[in-house]
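# Coordinate analysis (summary)
Chain by chain, the residues:
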Amino acid sequence: MYQTILNKLKKEGVKLLAVSKTQSASTIHHFYQKGQGSFGENKVQELLHKHEELPKDIEWHFIGHLQRNKVKHIVSFIHLIHAVDSLRLAQKIDHEAKKINKVVDILIQIRISSEISKFGWIYDDVCLQYEELLKLKNIRIVGFMGMATNTIEKGTIRNEFNQINKSFKDFQKRLNKSYFKELSIGMSSDYQLAVKEGATIVRIGSLIFGKRENQE
Ligand SMILES: *Cc1c(COP(=O)(O)O)cnc(C)c1O
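Residues numbered from 1 in each chain as written. Predicted model: local features only at pLDDT ≥ 70, side-chain atom pairs only at ≥ 80, totals over all residues. Heavy atoms only, no water.

### Let's talk about the side chain of Asn-165
How we decide: Only DSSP runs of H or I with at least four residues qualify as helices, and only runs of E with at least two residues qualify as strands; both kinds are numbered from the N terminus onward. Accessibility here uses a 1.4 Å probe with only protein chains present; expressed as a share of the type maximum, an area under 20% marks a residue as buried, one over 50% as exposed, and anything in between as partly exposed. Under this definition, polar contacts are N or O atom pairs within 3.5 Å; protein pairs additionally need one hydrogen-donor-capable and one acceptor-capable atom, and for neighbouring residues in sequence, both atoms have to be side-chain atoms. Contact between two residues is taken to exist if any of their heavy atoms lie within 4.5 Å; hydrogens are not considered.
Within the fold, Asn-165 resides in helix 8 (residues 154-175). Since its relative accessible area comes to 10%, Asn-165 is described here as buried. At 2.7 Å, the side chain of Asn-165 forms a polar contact with the backbone oxygen of Glu-197. Asn-165 has contacts with Leu-183, Glu-197 and Gly-198, leaving out every residue within four places of it along the chain.

### A closer look at the site of the ligand
To keep it simple, the criterion reads: Near is defined per residue: the residue qualifies when any heavy atom it owns lies within 4 Å of the molecule or strand. Surface exposure here means Shrake-Rupley accessible area, sampled with a 1.4 Å probe, where a residue is shielded only by the protein chains that are shown. Throughout, the ten residues Ala, Val, Leu, Ile, Met, Phe, Trp, Tyr, Cys and Pro are labelled nonpolar, Asp, Glu, Lys and Arg are labelled charged, and all others, Gly among them, are labelled polar.
Inspection of the region around the ligand gives Val-19, Lys-21, Ile-63, Met-145, Met-147, Met-187, Ser-188, Arg-203, Ile-204, Gly-205, Ser-206 and Arg-212 as its neighbouring residues. One of the side-chain nitrogen or oxygen atoms of Arg-203 is found 2.9 Å away from a nitrogen atom of the ligand. In the model, an oxygen atom of the ligand is placed 2.8 Å from a nitrogen or oxygen of the Gly-205 main chain. Summarising the interface, the protein chains cover 91% of the accessible area of the ligand, which totals 390 Å² for the free molecule. Across the shell around the ligand, the residue classes tally to six nonpolar, three polar and three charged.

### With respect to the pairing of strand 1 (residues 15-19)
We count it as follows: In this scheme, strands are said to pair when DSSP sees at least two bridges between them. Crossovers are described as right-handed under a simple rule: with the strands pointing away from the observer, the path leading from the first strand over the helix to the second runs clockwise.
The buried fraction of strand 1 amounts to four of the five residues, a majority that puts the element mostly inside the structure. When strand 1 meets strand 8 (residues 201-204), the two strands line up parallel, connected through four bridges. Directly across from Ala-18, in strand 8, lies its bridge partner Ile-204. As judged from the two bridges shared by strand 1 and strand 2 (residues 38-41), these two strands associate in the parallel manner. Across the sheet, residue Val-19 finds its bridge partner in strand 2, namely Gly-40. The handedness of the strand 1 to strand 2 crossover, carried by helix 2 (residues 25-33), is right-handed.

### Description of helix 8
Threshold: What a helix is expected to span follows from its residue count: subtract one and scale by 1.5 Å. Starting at the helix axis, one direction is taken to each C-beta atom, and the arc is that of these directions.
Over its 22 residues, helix 8 extends 31 Å from the first C-alpha to the last, a length consistent with the 32 Å expected when each residue adds 1.5 Å. Taken together, the buried positions of helix 8 are occupied by Ile-157, Glu-160, Phe-161, Ile-164, Asn-165, Ser-167, Phe-168, Phe-171 and Leu-175. Down the axis, helix 8 shows its buried residues gathered within 165° of arc, on one side only. Facing away from the buried side of helix 8, by more than 90 degrees, are the exposed residues Asn-159, Lys-166 and Lys-173. Among the structural elements, helix 6 (123-128), helix 7 (130-134), strand 6 (139-145), strand 7 (182-184) and helix 9 (191-196) are those in contact with the buried residues of helix 8. Downstream of helix 8 by one or two residues, Asn-176 has phi in the positive range, about 55°.

Printed below as a string of structure tokens:
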């Protein structure tokens, strides 16, 4: 399955982020040896263990809801933080990055689902906080991330991806920076739709590794 997905995505120029949460270090290493270079985790402790144990050239992405008091543990090595869902979190990452003289790449999580359990900004609020965000010199906003509603209704998912893509393009014009180019949308169940709607990164777990035992 991995090769099939990878080949499809390569053709489209879309990056495959292997979501390795709950998977063992040895499973990750197996995929690393096949050439997979980037993995996504959603728990800080788990990520720290794996980062410690596995080859240092792995690109680690943090894809979960990140608590502000845990930012300091990951800033030194994290490749991309996907789910920056508030100005306070962005400020905290900037603050911790500054301490170690680093610029950390982040994605702003846009709330596209109507499910109340999902985090993220309303796009209008990103625009309202624009000036505040631009003050943060130790983060670089390289794109947007979103999670569609958990539904089998393809139309709903397509609309949500389409909506984030519009916001993404609008912000791209506003910011006018060449590094703002990533749209992280799509998971196992909806990545093909996401690719059609402009994804540049898809985050795929269960389709590569098999179903997780504790689904989160
Ligand atoms: C778990 C997770 C994924 C991957 O989910 P699958 O359905 O296993 O592909 C993608 N994005 C986020 C934010 C996740 O937490």
